[in-house]
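Analysis of the macromolecular model
So you can see what is in the structure, the chains are spelled out below.
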Amino acid sequence: MHWVSDGVTLSLLMSLQRSTATTMRAAALDKFGGVETIQMKTLPVPEPGPDEVLLRVESAGVGVWDPYEREGEFAKMFATEPRFPYVLGSDGAGTVAAVGEKVRGLKEGDLAYALALANPKGGFYAEYAAVKAENVSPIPKKLTVEQAGAMPSDALTALRGLDELLQLKSGESLLVFGAGGGIGHLAVQLAKRMGARVLAVASGDDGVALAKRLGADAVVNGRKDDVQAAARAFAPGGLDAALVTAGGETADRALQAVRKNGRVAYPNGVMPPPKAPPGAKIQSYDMEPTPGQIEKLNRLIESGPFEVHVARTFPLDKAAEAHRELDKHFLGKLALRPQ
C-alpha cells in the first residue's frame, strides 16, 4: 500500500476519481460504415442499472466480427434501432467502478471481465462500460487483465461448441480446424482439459508452433500439409468430432476423416459453411453465454496453465488501425488498451 502526503491512500484517491468521472473517451461511430467511421469522442460515462456493473475498461477485445457490427449488420440481425454515437466492442476487462443495488458477488475494486454483444449502453471500446451483472465474472487468477479482456466471446464460443454441440467426452479424438485463431487456440486448450485427443490444423509455421505449445497432440499446417492424410493417421477409425472455425476446401477435405455418426460443429459466420461427410452430424451455432457456462469456463481455465494469445495491443485511439489489422494474418486475438 502506498501513502500520499495527506494520509489518504493512493487506492482511495483512484476510487474517488473513478466514482466522480462523468465523461470518458470512446472509439465510436456517428454512422455505420467503413474503418473511417471510427472516431475518438468524449461521451458521458454510462449509468449502471440496478442489475448492472460499471466496469473501468483496461483491456478490450477486437473481434473478427467487429467490422460487421461497425457496418450495421448486428443492428439488422437483432432488428434494433441503433443509438449514435455508437460504441463498438463485445469483450472487456478491468476494475469494477460501481455496482447496482441488486448485484451480488461483485464489488467496487474487483478485477473482472465481461461480454455483451451490441450492448445497449455501449460497448468496450471505451474507458467505461455498463454491463448486465450476469455477463460479468471475476478474472481467473491464471489470466492477466489484458488476456481476460480479449477472451470472453471466443472462449465461450469454443466451450459451447465443445461441450453442448459436440458433447465431447474424455478419450475422444477431436479435430480443431483454425487452431491458431481466436476461437481455435482456446478450443485446443479447453478440449485437452476435457480429456480429448486433439489434432490441430493451423495456418502457417507460426500457427503450428502455437498449437504445439498449447498442448495439441498433433499439429498440421493447413497451408501445405495433407490434412486429410494426417487426420486419418491420427484417428484410423475416423475422428469422433470436429470444431471448425475457418471454412474452405482444406477444411472440407479434413472433415472427410470424420467417422460415420461423428459430430461436426462450427460457429455461425464461418464462410463458406463446412461440409461434413455422409453419416456425420453437422451443426452451426451461436455463442449463448450463461452464468453456468462462464463458471465452467473459469474452472477449466484454473485447472492448469492457460494462454490467451494476444498478438498485438493497440491504444484506444488506434482502434481503426486495429480493424485494418484484422484483415492480416495474426495469431490469437487483438486487443485495445482504453486506459
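Keep in mind that this is a model prediction, so the values were computed, not measured.

Rules of the game
Residues numbered from 1 in each chain as written. Predicted model: local features only at pLDDT ≥ 70, side-chain atom pairs only at ≥ 80, totals over all residues. Heavy atoms only, no water. Helix = DSSP H or I, 4+ residues; strand = E, 2+ residues; numbered from the N terminus. Rg over C-alpha atoms; globule rule 2.2 N^0.38 Å. Areas by Shrake-Rupley, 256 points an atom, 1.4 Å probe, with all protein chains shown as cover. Lys, Arg positive; Asp, Glu negative; His and termini not counted. Charge placed at Lys NZ, Arg CZ, Asp CG, Glu CD. Expected span 1.5 Å × (residues − 1). Buried < 20%, exposed > 50% of the residue type's maximum accessible area, 1.4 Å probe, protein only. Axes fitted to C-alpha atoms, helices over the stretch in contact; angles between N-to-C directions. Parallel < 35°, antiparallel > 145°, perpendicular 65-115°, else oblique. Contact = heavy atoms within 4.5 Å. Nonpolar A, V, L, I, M, F, W, Y, C, P; charged D, E, K, R; others polar. Pairing = 2+ DSSP bridges. Right-handed = clockwise from strand over helix to strand, strands pointing away.

Scanning the protein for helices and strands turns up eleven helices and 16 strands. Here the C-alpha atoms of the protein give a radius of gyration of 21 Å, agreeing with the 20 Å that 2.2 N^0.38 yields for 339 residues. A principal-axis box enclosing the C-alpha atoms of the protein has dimensions of 70 × 40 × 35 Å. Surface summary for the protein: the accessible area is close to 15000 Å², and the carbon and sulfur share equals 51%. On the protein, the mean spot of the 39 positive side-chain charges and the mean spot of the 40 negative ones are 4 Å from each other.

As a further point, take helix α6 (residues 182-193). For α6, which comprises twelve residues, the first-to-last C-alpha distance of 18 Å matches the rise-based estimate of 16 Å (1.5 Å per residue) to within 8%. Every buried residue of α6 is listed here: Gly-182, Ile-183, Gly-184, His-185, Leu-186, Ala-187, Val-188, Gln-189, Leu-190 and Ala-191. Positioned one or two residues after α6, Gly-195 has a phi angle of 90 degrees, which is positive.

Once that is clear, we can look at the packing of helix α5 (residues 152-165) against helix α10 (residues 291-302). The interhelical angle for the contact between α5 and α10, taken along N-to-C directions, is 95 degrees, at an axis separation of 10 Å. Taken together, the axes of α5 and α10 lie roughly perpendicular to each other. In this structure, α5 uses Ala-155, Leu-156, Leu-159, Arg-160, Asp-163 and Glu-164 to contact α10, whose residues at the interface are Gln-293, Ile-294, Lys-296, Leu-297 and Leu-300. A per-class count over the contact of α5 with α10 returns six nonpolar, one polar and four charged.

Another aspect to go through is the pairing of strand β9 (residues 173-177). Counted residue by residue, β9 has five buried out of five residues, so it is predominantly covered. Side chains of β9 alternate between two faces, with Ser-173, Leu-175 and Phe-177 and Leu-174 and Val-176 buried alike. One ladder, built from five bridges, connects β9 with strand β10 (residues 197-202); its direction is parallel. Following the sheet pairing, Leu-175 is matched in β10 by Leu-199. With α6 bridging β9 and the parallel β10, this β-α-β connection has right-handed handedness. Where β9 and strand β12 (residues 239-244) come together, four bridges link them in parallel fashion. For Leu-174, the partnering residue across the bridge sits in β12 and is Ala-241.

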